[in-house]
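Residue-level listing of the chains:
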Amino acid sequence: MTSSDVRPPEPAPHPGAPAPDGPRARVVVAVASLGFFLITLDISIVNVALPSIRDDLGGGTAVQQWVVDGYTLLFAALLLFAGNLADRVGARRALVWGIVAFTVTSAACAAAPGPGALVAARCAQGASAAVVLPASMALIREAFPDARRRARALGVWAVGGAVSAVVGQPLGGLLTTVDWRWIFSINVPVGAGMLALLLLVAPSPVRPAPFDWAGQMLAVLGLAALVQGLIEGGHVGFGAPAVLLALGVAVAALAGFVLVQARGRHPMLPLELFAARGVRLALPVGFAFMVGNYGHVFVVSLYLQQQLGLSPLDAGLVFVPAALFAVAGNLSSGPVTNRFGPRLPVVGGQLSMVVGLLALVPATTSGSPWLVALALVPVGAGGSMAMPPVTGVVLEGVPSHRAGTASAVFNTFRQVGGAVAIAVFGALIANPDRFLTGLRTSLVVAAALLALTALNSLRIHPRVGP
């Protein structure tokens, strides 16, 4: 060995200097953002296609609800399992599995011969999405150990969801004018691109441990029974024996889930996570955000087509201004959080959503799609500003080895909020003669819930992390 082969030791990092990014950090952000794009696209792109799916495959409002909630339900029910999976087999490997499964189930949705097959494929697609989300967030945690740089990365990651909102509604409308099945086929090339990028990412740490099968089964049973009871209760009445049975099963299964988590040796939801103040504050925000976000897109999409008679493409274009502001909100969220702390964007973003949701009430009374588009802007901008710092609050409050599980808990609450919103708001608009009343009631309920969580968010510390 020559003297030229001997390299001087790397200089020690300056005390107080930010921790360096992990290898391929930019690729990690790109692939995680694509993952978020892929799984959120299938919410926004489906809504404008619901009337066309009903006309082609049959079924009424209940089928439309299940096309959305079948995806959301399994997404929510399996997120905790998926968070554990990301921790135990490695975030990169879990993401590969999730993307492969999502691509295959998207093709199954496109080929569905009837409403039952479509709902079943959507459930499987939601299960695949559950694997993708916490794994993508855990990859960002690994790549950006510094809290400030992670805040910026989370803002970019959230752009994936905002971009899907930009292209989802108009793209869904455009593809539906040809054939609604194309809204699912479009996922295949996106999934292939993600898998190619993942080849550049180093394997993640693994922490093998047994899975909590009892808790997982109780979670799926409880959430499925809850959504079934809410959807059917809106159509046949909440006093119907089948509805009461479903809601009773939901209460019993969810109570059993909590008991198993408290006493199990390897719980998928360690109850000590709730000891973190940030987790307790962030969970209701995530729930309320999705009630407002999923809820308003679902009812407004149907309003634009069924009440105003817009085509799927024109209905999708109404959402474009709000989606563009959502991209701007995501990109500015990180810098705003770094300068002012998370409390300001979280509280301000939720209050912006409240303003927009309440503005939609007179906008839908006017019958003007232009006013509806204008009212949607503060909803999209506010939500995109609030969500990245809330996610940062969750990740700051837990040790690194619980990052996947903590993100799964947070996103479980988010997806449950979305599923409940579709079930309840769908019930409110199920009667065509009371559609407009149900629409406005839904918007006011979502606004009231967000106002309450905004008030509670004042308890968030102005600064999180170093």
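Just so you know, these numbers come straight off a predicted model, no measurement behind them.

## With respect to the overall build of the protein
From N to C terminus, the protein includes 17 helices and zero strands. Considering the protein as a whole, with its 466 residues, one finds that 56% of them fall into the buried category. Put simply, of all contacts in the protein between residues at least 6 apart along the chain, 85% involve residues at least 24 apart.

## Description of the environment of Arg 26
As for its position among the elements, Arg 26 is in helix α1 (residues 25-47). We classify Arg 26 as exposed; its relative accessible area is 78%. Residues Arg 26 and Phe 144 lie 118 residues apart in sequence; the distance between their C-alpha atoms is 10.0 Å.

## Here we look at the packing of aromatic side chains
One pass over the structure, following the stated rule, counts three aromatic pairs. Ring centres 5.9 Å apart and planes at 90 degrees place the aromatic pair Tyr 71 and Phe 75 in the edge-to-face group. Taken together, the positions of Tyr 71 and Phe 75, both in helix α3 (residues 61-89) and four residues apart, correspond to about one turn of that helix. You can call Tyr 71 buried: its relative accessible area is 0%.

## Points about the packing of α3 against helix α11 (residues 277-307)
Packing of α3 against α11 brings their axes to within 12 Å, and their N-to-C directions diverge by 155 degrees. In terms of their interaxial angle, α3 and α11 are classed as roughly antiparallel. Helix-helix and strand crossings are classified by hand; for α3 and α11 the assignment is right-handed. Contacts between α3 and α11 pair Gln 64, Gln 65, Val 68 and Thr 72 from the former with Tyr 294, Phe 298, Leu 302 and Gln 306 from the latter. Within the contact of α3 with α11, the residues separate by chemical class into four nonpolar, four polar and no charged.

## Topic: the pattern of salt bridges
The full count for this structure, using the stated rule, is three salt bridges. Of the charged contacts in the structure, one is a salt bridge between Arg 122 and Asp 42, with a shortest N-O distance of 3.6 Å. Note that Arg 122 is positioned in helix α5 (residues 115-143) and Asp 42 in helix α1, a separation of 80 residues in sequence. Comparing Arg 122 with Asp 42, the two get one shared label, buried.

## Some points on the packing of α3 against α5
Contact pair α3 / α5: the axes reach a minimum separation of 6 Å and the direction vectors enclose 30 degrees. The orientation of α3 with respect to α5, classified from their angle, is roughly parallel. In this structure, the crossing between α3 and α5 has a hand that is right-handed. Of the residues belonging to the contact of α3 with α5, the class tally is 23 nonpolar, four polar and one charged.

## Brief notes about α5
With 29 residues, α5 ought to run about 42 Å at 1.5 Å a step, and its terminal C-alpha atoms sit 42 Å apart, in line with that. Counting buried positions over the 29 residues of α5 gives 23, a clear majority of the element.

## Observations concerning the state of the cysteines
Simply put, disulfide is the name for a covalent bond between the sulfur atoms of two cysteines. In this structure the tally under the stated criterion is zero disulfides. Here Cys 109 is not disulfide-linked; the sulfur of Cys 123 is the nearest cysteine sulfur, at 9.3 Å. Cys 109 sits in the buried class, given a relative accessible area of 0%. The buried category is assigned to Cys 123, whose relative accessible area is 19%.

## Focus on the nonpolar core
Ranked by size, the top nonpolar core spans 139 residues in total, and within it Ile 39, Leu 118, Trp 157 and Val 372 carry the most contacts. Broken down by element, the residue count for this core peaks at 17 residues, all from α11.

## A closer look at helix α2 (residues 50-57)
For α2, the complete set of buried residues consists of Leu 50, Pro 51, Ile 53 and Leu 57. Angular distribution of buried residues about the axis of α2 spans 160 degrees; they occupy a single face of the element. Check the buried side of α2 and you find it contacts α1, α3, α5 and α11.

## A look at the side chain of Ser 128
With respect to the element layout, Ser 128 can be found in helix α5. The residues contacting Ser 128, other than those within four sequence positions of it, are Gly 98, Ala 101, Phe 102 and Thr 105.

## Thoughts on the side chain of Ser 457
The residue Ser 457 is located in the segment after α17 (435-456) in this model. Overall, Ser 457 belongs to the buried group, its relative accessible area being 1%. Among the polar contacts listed, one links the side chain of Ser 457 to the backbone oxygen of Thr 453, at a separation of 2.7 Å. Once residues lying within four places of it in the same chain are set aside, the contact partners of Ser 457 are Val 285, Arg 343, Val 346, Val 347 and Gln 350.

## Structural notes on the environment of Ser 332
Its place among the elements puts Ser 332 in helix α13 (residues 320-340). A distance of 3.2 Å separates a polar side-chain atom of Ser 332 from the backbone oxygen of Gly 329.

## With respect to the environment of Gly 215
Summarising the element assignment, Gly 215 is placed in helix α9 (residues 213-236). Assessed through its relative accessible area of 0%, Gly 215 is described here as buried. Measuring from C-alpha to C-alpha, the distance between Gly 215 and Val 260 comes to 6.1 Å, with 45 residues separating the pair along the chain. Once residues within four sequence positions are removed from consideration, Gly 215 is found in contact with Phe 257, Val 260, Gln 261 and Met 268.

## A word on the confidence of the model for the protein
In low-pLDDT regions, the fine details of the predicted coordinates are not to be read closely. Looking at the protein, the pLDDT average stands at 82 and 90% of residues meet or exceed 70. The model gives residues 1-13 a pLDDT under 50, and that stretch makes one contact with residues more than four places away or in other chains.

Scoring rules and cut-offs
Residues numbered from 1 in each chain as written. Predicted model: local features only at pLDDT ≥ 70, side-chain atom pairs only at ≥ 80, totals over all residues. Heavy atoms only, no water. Helix = DSSP H or I, 4+ residues; strand = E, 2+ residues; numbered from the N terminus. Buried < 20%, exposed > 50% of the residue type's maximum accessible area, 1.4 Å probe, protein only. Contact = heavy atoms within 4.5 Å. Phe/Tyr/Trp six-rings, centres within 6.5 Å; stacked < 30°, edge-to-face > 60°. Axes fitted to C-alpha atoms, helices over the stretch in contact; angles between N-to-C directions. Parallel < 35°, antiparallel > 145°, perpendicular 65-115°, else oblique. Left-handed = near helix turned anticlockwise from the far one by under 90°. Nonpolar A, V, L, I, M, F, W, Y, C, P; charged D, E, K, R; others polar. Salt bridge = Lys/Arg side-chain N within 4 Å of Asp/Glu carboxyl O. Expected span 1.5 Å × (residues − 1). Disulfide = S-S within 2.5 Å. Core = buried A, V, L, I, M, F, W, Y, C linked by side-chain atoms within 4.5 Å. Arc of directions from axis to C-beta. Polar contact = N/O pair within 3.5 Å; in protein donor to acceptor, adjacent residues only side chain to side chain. pLDDT = per-residue confidence, 0-100.

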